[in-house]
Structures are given as C-alpha cells and as structure tokens.
Amino acid sequence: MAKRASKTKRIYFFGSSRTDGKKEMKQLLGGKGANLAEMTSIGLPVPPGFTITTQTCADYSDNGCKFPRGLMEDVRKNVTALEKETGKKFGSADNPLLVSVRSGAAESMPGMMDTVLNLGLNDETVHGLARMADERFAFDSYRRFIQMYGDVVLGVPHERFEHRLDAAKASRGVAHDMDLTASDLRRLVAEYLEIVEEHTREPFPQDPQKQLWGAIGAVFGSWTNNRAIAYRRLNDIPDEWGTAVNIQ
C-alpha cells in the first residue's frame, strides 16, 4: 500500500510549551518568524504566538486569493494554544486576548506591507480591557484598531478617520491625541464605527474570528500591492517567495 503523503505544515508555534521553528528557517518563516522562534528557544521573554508560512501566502495567491484547505482549522488550534499560554481568551469580554497580525518576508521590506494591531477588540471586549487597564487606554486602543482595520482590511480611506480625530481635538481645544479624555474617545469610537458602516455598507465586524481572517487575508494580499512589487523589483526579491504572517 502506498504511504499517504504527510500534510503540509503551514503554522509554526513559538511559546513556553513548545517552539516549532528555528533561525535557519527564514525562507519558510520569514525573517521575523525565524527570529521570534530562535529568541523563544534560547529563553528570551518573547510573547507567544505563531507564524503562518511564506509558502501559504504563495499558495493563497496562486489559488485566486483563497485560503488553502485546512488552514482555518490549523489557525483555530494555534489560537487555542495561544490562549493556554497567555491565560486569556480570544473574544472574551472579561479577559480578552488581543493579537497583532504582521507581515514577515524572508528579506526585510520595511513599510511595504500591512499590519493590524489590537485585533480582538469589539464593543464588548473593550470593556474587559478597560477593567484590566483603564477606560481611556481601552477606548484609545479600540479607536486605533478600528482605523487600522478599516484602512488595511476594509479599504476605508484613513483620511476620513483623521478628519474626525482633528475635529474632536478642535472641539475640545487641545492639540494632541493624549489630551482627549475617555469620554472623548468613546464618542470618537462611535463616530469611527459610523464611518466604516457608511463606507462599506456593513457594520464593523464584531466577531474576533472574522476580524482575524480579514487581517490574514489583507497581509497576504499586501504582498502584491504596488509598493511591495516596486520594492521587490528594486531589490531583486522574487515575487514567488511570499510573506509569512506573524500572529502574536
């Protein structure tokens, strides 16, 4: 009987429980993913996370921007492992796990691809974050997440958010973001949510899982944006390499 081909490993976890990758795997894990794995393996205090491989990005692009079969289940398992490592829960209103979703190519391409921070915040988890930290910090984080996700994933022009931020500061007679109060930021969050719905004709996604897949797709997609393509041509980086995605 022929031996069944082994399943392609698309995700490499790094944390105190295990570290799958190593520094020599830069082509597969990207420079950031390989270095995160190496730092974790030698005992440096690196926040846990996982890396989706560069090959997965290439397969995504080759398949008409569709996620490879089995990737969703693999991500779900690694999010569960991340929850166990951190003691937090993705989507929890009491103890929310927030993650960053970053690109990480084998060769550094600074500023060329997209990043989403504070992913996992929504109208419920923001209150959990407020209880863990403080209200101003929580709502400032939420409004920054809405703007970043709206721009990177949903295609909302970032100027629309900036105009509302400038108007909020002008109405309060302050010059800096840090001078806005928690109440100011609450109102700004509500206005940002309205901006997203006006532009996309749909409410801002409240489901952290939906947020996550939107961000992963956007980071994969940014490998083929105009600035990334131009950068690769200038620096002789092959288009077929793809980028890894680091979730941490």
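Since this is a predicted model, take the numbers as computed values, not measurements. (Residues numbered from 1 in each chain as written. Predicted model: local features only at pLDDT ≥ 70, side-chain atom pairs only at ≥ 80, totals over all residues. Heavy atoms only, no water.)

Membership of the largest hydrophobic core comes to 55 residues, with the highest contact counts inside it found for Ile52, Val101 and Leu119. At seven residues, helix H7 (residues 182–200) tops the list of elements feeding residues into this core. With sequence-adjacent residues up to four places away left out, Leu119 is seen in contact with Phe90, Leu97, Leu98, Val99, Val101, Phe145, Tyr149, Pro208, Gln211, Leu212 and Ala215. (Core = buried A, V, L, I, M, F, W, Y, C linked by side-chain atoms within 4.5 Å. Buried < 20%, exposed > 50% of the residue type's maximum accessible area, 1.4 Å probe, protein only. Helix = DSSP H or I, 4+ residues; strand = E, 2+ residues; numbered from the N terminus. Contact = heavy atoms within 4.5 Å.)

Counted at 1.5 Å a residue, the expected span for helix H3 (residues 71–86) with its 16 residues is 22 Å, and the 22 Å between its end C-alpha atoms agrees. Leu71, Asp74, Val75, Asn78, Val79, Ala81, Leu82 and Glu83 are the residues of H3 that are buried. Elements that come into contact with the buried residues of H3 comprise strand S1 (11–14), strand S2 (49–52), helix H2 (54–62), strand S3 (99–105) and helix H8 (208–222). Positive phi appears at Gly87, one or two residues downstream of H3, with a value of about 75°. (Expected span 1.5 Å × (residues − 1).)

The next point concerns empty space enclosed by the protein. All chains considered together, the criterion is met by one cavity of 30 Å³ or more. Empty space within the largest cavity amounts to approximately 30 Å³. Lining of the largest cavity is provided by Val79, Leu82, Phe90, Leu97, Val99, Leu212 and Ile247. Classifying every residue of the lining of the largest cavity gives seven nonpolar, no polar and no charged. (1 Å grid on protein atoms, 1.4 Å probe; cavity = no way out; pocket = protein on both sides within 12 Å on 5 of 7 lines; lining within 4 Å. Points joined across faces, edges and corners; volume = space filled by probe spheres on them. Nonpolar A, V, L, I, M, F, W, Y, C, P; charged D, E, K, R; others polar.)

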